[in-house]
Amino acid sequence: MTAGAAITVLGVGNPIMGDDGVGLELLAAVQSACPDPRIEYVDGGTGGMELIPVVQEADRLLVLDAVAGDVPGTVVRLDGDQIPRMLAAKLSPHQVGLLDVFAAARLLGREPGQVAVIGVVPGPLDVRLGLSEPVAAAVPVASRRACDVLGAWLEEEPA
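Residues numbered from 1 in each chain as written. Predicted model: local features only at pLDDT ≥ 70, side-chain atom pairs only at ≥ 80, totals over all residues. Heavy atoms only, no water.

Asker: Let's hear about the environment of Val75: which residues, and what values?
Answerer: Inspection of the secondary structure assignment puts Val75 in strand S4 (residues 75-79). On the basis of relative accessible area, Val75 is assigned to the buried category, the value being 17%. (Helix = DSSP H or I, 4+ residues; strand = E, 2+ residues; numbered from the N terminus. Buried < 20%, exposed > 50% of the residue type's maximum accessible area, 1.4 Å probe, protein only.)

Asker: Before we move on, could you go through the confidence of the model for the protein chain and cite the residues and values that matter?
Answerer: Per-residue confidence for the protein chain gives a mean pLDDT of 86, with 87% of residues at or over 70. Predicted confidence in the protein chain is weakest over helix H3 (residues 82-88), with a mean pLDDT of 65, and strongest over helix H1 (residues 22-33), with 97. (pLDDT = per-residue confidence, 0-100.)

Asker: Which residues make up the layout of surface pockets, and what values go with them?
Answerer: Looking at the largest pocket, its volume works out to about 300 Å³. Taken together, 14 residues form the lining of the largest pocket, with Gly80, Pro84, Phe102, Arg106 and Glu111 sitting closest to its centre. Of all elements in the fold, only H3, helix H4 (93-107) and strand S5 (114-120) reach the threshold of two or more residues within the lining of the largest pocket. Per-element accounting of the lining of the largest pocket gives the leading share, four residues, to H4. Grouping the amino acids of the lining of the largest pocket by side-chain chemistry returns eight nonpolar, three polar and three charged. (1 Å grid on protein atoms, 1.4 Å probe; cavity = no way out; pocket = protein on both sides within 12 Å on 5 of 7 lines; lining within 4 Å. Points joined across faces, edges and corners; volume = space filled by probe spheres on them. Nonpolar A, V, L, I, M, F, W, Y, C, P; charged D, E, K, R; others polar.)

Asker: Report on helix H5 (residues 133-156), specifying residues and quantitative values.
Answerer: The terminal C-alpha atoms of H5 lie 36 Å apart, and with 24 residues this matches the ideal 34 Å at 1.5 Å per residue to within 8%. Most pronounced at Val139, the bend in H5 amounts to some 35°, and the proline Pro140 follows within four residues. Contact partners of the buried residues in H5: strand S1 (7-12), H1, strand S2 (39-45), strand S3 (60-66), S4 and S5. (Expected span 1.5 Å × (residues − 1). Bend = angle between axes of the 7 residues up to and from the residue. Contact = heavy atoms within 4.5 Å.)

Asker: Tell me what's going on with the sheet that holds S2, and back it up with residues and numbers.
Answerer: With mixed pairing, the five strands of this open sheet are ordered in space as S2-S1-S3-S5-S4. Either end of the sheet is taken by a strand with one partner, and the two such strands are S2 and S4. Strand-to-strand twist across the sheet, computed as the mean angle between neighbouring axes with direction ignored, equals 20°. Bridge count between S1 and S2: six bridges; the pairing is parallel. Counterpart to Ile7 in the pairing with S2 is Ile39. Across the sheet, H5 is in contact with S1, S2, S3, S4 and S5; its angle to S5 comes to roughly 165°. (Pairing = 2+ DSSP bridges. Axes fitted to C-alpha atoms, helices over the stretch in contact; angles between N-to-C directions.)

Asker: I'd like a rundown of the pairing of S3, residues and numbers included.
Answerer: Most of S3 is tucked away: seven of the seven residues are buried. Inspection of the sheet shows S1 paired to S3 by five bridges, in the parallel sense. When the bridges of S3 are listed, Leu10 appears paired with Val63. Note: S3 against S5, seven bridges, orientation parallel. Across the sheet, Val63 pairs through a bridge with Val117, a residue of S5.

Asker: Mind laying out the environment of Gly73, listing which residues take part and the relevant values?
Answerer: Among the structural elements, Gly73 can be located in the loop between S3 and S4. It is 5.4 Å that separates the C-alpha atoms of Gly73 and Ala138, two residues lying 65 residues apart in sequence. For Gly73, the residues in contact, after removing those within four places along its chain, are Val120, Val121, Pro134, Val135 and Ala138.

Right under this line is the structure:
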C-alpha cells in the first residue's frame, strides 16, 4: 500500500460465501474501469483489525461490500453517518471487523475525512462460489456508481 494514499478503494467479502464475495468482484470491476495513480485499490478480503492502517492512511475511503437490504441485487450508496448503521447490521462476519476497524481508527485519532460505501444487497449467503444472478447483474451498475464517487473525489484532488 502506498503510504498516505489520497483515495483508497477497499473491497471486502468472502468469495466462498456466494454473494458475500460481491465486494471483491466490485473491486476488480472498479479497478479496471477507473484506473488512476491517485487511487489505491486494496483487497481486504475478510480482514479485520489488520485493515486499520488501510483506513488510517486514506484521506478518502470507498468501501465496496455486500450490504443489508430486502431485494437482492439492489445497489446502495451510503455516506458518512449512514455507514455505522449499515455495519452494525452484521450482514457478515467481516463487517463486524470493519466496524471495529473504524472505531479503532477514530480512537487512534486518524480516520478518513470522507467515507462512502457502494454495496449490493446479497441473496442468501451460503457456502458456494460465484454470485447469484441478481447480484452478478448489479455489478456493472454498482461499478459505475463507484466510479462516479471516485470521479467526483478526483476532481477535488490536486493533479
